[in-house]
Amino acid sequence: MSDLIAASQTASSGDYSAADTATDQPVVIRSAADITQLVNRGAAKISDARIVIAIALGGVFLDAYDLGALAFGMKDITRQFGLTPSGAGFVASAITFGAIVGALFGGYLTDKIGRYRVFMADMFFFVIAALACAFAPNEWVLGGSRFVMGLGVGIDLPVAMAFLAEFSKLQGRGNKASRVAMWCPTWYAAISVSYLLVLLLYAVLPATHTDWLWRLILGFGAVPAILIIAIRHRYMNESPVWAANQGDLQSAAAILRKSYNIHAVVAEDADKAPQVKVRKAAWRNYGTLLQGIYLRRTVLATVTAVASSFAYNAVAFGLPVILSSFLQQSMISTILFSLGLNLCFAFVGGLIAVRYVSKFGAWKMTYAGYACQLVAMIGLALVGRPADGGEAAISIAMLALFLFGQGFGPGSHTMTFASLSYPTSLRGMGVGFNQTLMRGSSTVSLFLFPVLSAALGTGVFWVIALAPLAGLIVLTAVRWEPSGYDVDAEDFQQEVKPV
């Protein structure tokens, strides 16, 4: 081993590149910082790392699938259970209320016990809740089941974003910012899948059994959840960066060998070398997010997330209702329009975010996205209820503009701000804190949209317009760009300078 160490002095100093690890020469690890630098510099060869990234998005897919499925089922649920607007708001918002609780505890557990353990457990919430929704005899069971599903969603997002950030390199193709932004097109793909499934079932179900539609759609969510559990068990490993931060360099090196195909070995004298003390998981770390250099980052990440969530949930959840009110469209045309808008504008916008975030940055793209949304909401409010085909076309164009702006802007990059504004030691709790407040906004939005729509009609768009306006204001006040910045290095710096 001494010969290995002597032959690898350059590597162990942290001066790594992909070329350094492109052969079978061992890479010697002496500190947690070495692990972080290996990952950030893209030292991986052909490995399971890409599969890990894909699996990490599974919870995002299920969360979005459920939102899209319930959006089309709310009319039937309201009629079947005789719900008032407040009752409909309760059923719609139950999942986000559960996600508030789940995110708060999930962020802590992600940093405390590790990414892998939390990731393997949270899918069971989806399975149980999806089946319970399918057989719910009343609105209370349905709401309670969706609350349980929300717990799974809230727990899953912090750990999913941590995996996306910690299994990706800092710059170049497949960098951290673009990988984290992948959550957005994944979301819209799931929404589109739910729309396609609604369309298929609507076409094959007998007219006398259309009230089964929402039950079948919600219950089907258990199928991908079970598949994700099986695949995660096969391919997932702990984050090597997290393991190293806990002082377990041997486990971190083993993960690098398995998931990254890096011939990593731990130096014999690693335990004798002076180590920078890395922050350990604790509830007080939530307070750290509001102190020092992290305060302005937290304000930016939180306000943009809350504004994005409030506006998007109101529009996306209300999309079928909004479209069906345009010239009294049929169920089929409403489904097709919803599917087309999501695929052609929201999904495409998300792909643009993934492709260009490293070039333009998350801040600029988020600012442009909010500007598009503000214009769209003002346009919808001014048109009101379309009186003819021309006005309906304008309204649909405004919806398309809103979804496109969401896709390449705040929809993608609010998670970029939340995930890449904090180092490994704070990432789980940073995303958890962000998701707690973001889901609170979703809860308010989903609860208020049926109520405000009934009271204000199309005037509700003026209320929704306040959200992108708030996003633009905070972006103007706080100019922080997380893309390309090595935030993980802050765990190994004795004194972090403001950025």
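Everything in this summary refers to the structure shown in the same document. (Residues numbered from 1 in each chain as written. Predicted model: local features only at pLDDT ≥ 70, side-chain atom pairs only at ≥ 80, totals over all residues. Heavy atoms only, no water.)

**Structural notes on the overall build of the protein chain**
Phase 1 of the analysis: Counting its regular elements, the protein chain contains 22 helices and 2 strands.
Phase 2 of the analysis: Residue burial in the protein chain is summarised as follows: out of 499 residues, 60% are buried.
Phase 3 of the analysis: In the protein chain, once contacts between residues fewer than 6 apart in sequence are set aside, the share between residues at least 24 apart is 82%.
Phase 4 of the analysis: Accessible surface computed for the protein chain: about 19000 Å², of which carbon and sulfur atoms make up 66%. (Helix = DSSP H or I, 4+ residues; strand = E, 2+ residues; numbered from the N terminus. Buried < 20%, exposed > 50% of the residue type's maximum accessible area, 1.4 Å probe, protein only. Contact = heavy atoms within 4.5 Å. Areas by Shrake-Rupley, 256 points an atom, 1.4 Å probe, with all protein chains shown as cover.)

**Some thoughts on the packing of aromatic side chains**
Phase 1 of the analysis: In total, this model carries 14 aromatic pairs according to the counting rule given.
Phase 2 of the analysis: Judged by centre distance (5.2 Å) and plane angle (50°), the rings of phenylalanine 90 and tryptophan 140 are tilted. Of this pair, phenylalanine 90 sits in helix H6 (residues 85-112) while tryptophan 140 sits in helix H8 (residues 139-166), placing them 50 residues apart in sequence.
Phase 3 of the analysis: Judged by relative accessible area, phenylalanine 90 falls into the partly exposed class, the value being 30%.
Phase 4 of the analysis: Owing to a relative accessible area of 61%, tryptophan 140 belongs among the exposed residues under this scheme.
Phase 5 of the analysis: On the numbers, 6.4 Å between centres and 45° between planes, the contact of tyrosine 286 with phenylalanine 433 is tilted. Taken together, the residues tyrosine 286 in helix H15 (residues 285-288) and phenylalanine 433 in helix H21 (residues 424-456) connect sequence positions 147 residues apart.
Phase 6 of the analysis: Ring-pair connections join several aromatic residues into one group, and the members of that group are Phe105, Tyr108, Trp283, Tyr286 and Phe433.
Phase 7 of the analysis: Here arginine 297 stacks its cationic end above the ring of tryptophan 480, 4.2 Å away from the centre of that ring. (Phe/Tyr/Trp six-rings, centres within 6.5 Å; stacked < 30°, edge-to-face > 60°. Lys NZ or Arg CZ within 6 Å of the ring centre and 35° of its normal.)

**Quick look at the nonpolar core**
Phase 1 of the analysis: Counting 128 residues, the largest nonpolar core has Leu142, Met161 and Trp183 as its most contacted members.
Phase 2 of the analysis: It is H8 that contributes the most residues to this core, 11 residues altogether.
Phase 3 of the analysis: Those residues within four positions of tryptophan 183 in sequence are excluded, and the remaining contacts are Leu57, Val60, Met161, Gly411, Ser412, Met415 and Met438.
Phase 4 of the analysis: Ile293, Tyr294, Tyr422 and Leu426 belong to the second largest nonpolar core, which has 9 residues in total. (Core = buried A, V, L, I, M, F, W, Y, C linked by side-chain atoms within 4.5 Å.)

**Here's the deal with helix H19 (residues 389-408)**
Phase 1 of the analysis: End to end, H19 covers 29 Å across 20 residues, agreeing with the expected 28 Å (1.5 Å per residue, within 8%).
Phase 2 of the analysis: Taken together, the buried positions of H19 are occupied by Ala392, Ser395, Ile396, Met398, Leu399, Ala400, Phe402, Leu403, Gly405, Gln406, Gly407 and Phe408. (Expected span 1.5 Å × (residues − 1).)

**Focus: the packing of helix H3 (residues 32-40) against helix H14 (residues 249-259)**
Phase 1 of the analysis: Axis separation between H3 and H14 bottoms out at 10 Å; the angle between their running directions is 20°. By the angle between their axes, H3 is roughly parallel relative to H14. In this structure, H3 meets H14 at a crossing whose hand is left-handed. Between H3 and H14, the residues in contact are Ala32, Ile35, Leu38 and Val39 and Leu249, Ala252, Ala253 and Leu256, respectively.
Phase 2 of the analysis: Split into classes, the residues belonging to the contact of H3 with H14 amount to 8 nonpolar, no polar and no charged. (Axes fitted to C-alpha atoms, helices over the stretch in contact; angles between N-to-C directions. Parallel < 35°, antiparallel > 145°, perpendicular 65-115°, else oblique. Left-handed = near helix turned anticlockwise from the far one by under 90°. Nonpolar A, V, L, I, M, F, W, Y, C, P; charged D, E, K, R; others polar.)

**Some details on the packing of helix H7 (residues 115-134) against H8**
Phase 1 of the analysis: Remark: H7 packs on H8, axes separated minimally by 8 Å, with the N-to-C direction vectors making an angle of 150°. The angle between H7 and H8 places the two elements in the roughly antiparallel class. You can see that H7 and H8 cross each other, and the crossing is left-handed.
Phase 2 of the analysis: Partitioning the contact of H7 with H8 into residue classes produces 20 nonpolar, 2 polar and 5 charged.

**Considerations on the side chain of aspartate 111**
Phase 1 of the analysis: Take aspartate 111: it is sitting in helix H6.
Phase 2 of the analysis: A polar contact of 3.0 Å, which involves the side chain of aspartate 111, links it to the backbone nitrogen of glycine 428.
Phase 3 of the analysis: In terms of polar contacts, aspartate 111 uses its side chain to reach the backbone amide nitrogen of methionine 429, at 3.0 Å.
Phase 4 of the analysis: Once residues within four sequence positions are removed from consideration, aspartate 111 is found in contact with Trp242, Gln246, Ala281, Thr424, Ser425, Leu426, Arg427, Gly428 and Met429. (Polar contact = N/O pair within 3.5 Å; in protein donor to acceptor, adjacent residues only side chain to side chain.)

**Quick word on H8**
Phase 1 of the analysis: Between its first and last C-alpha atoms H8 spans 40 Å; for 28 residues at 1.5 Å apiece the expected length is 40 Å, and the two agree.
Phase 2 of the analysis: Counted residue by residue, H8 has 23 buried out of 28 residues, so it is predominantly covered.
Phase 3 of the analysis: In this structure asparagine 138 caps H8, since a side-chain oxygen of it lies 3.0 Å from the backbone nitrogen of tryptophan 140.

Honestly, that's just the spatial picture; any functional story needs more than this.
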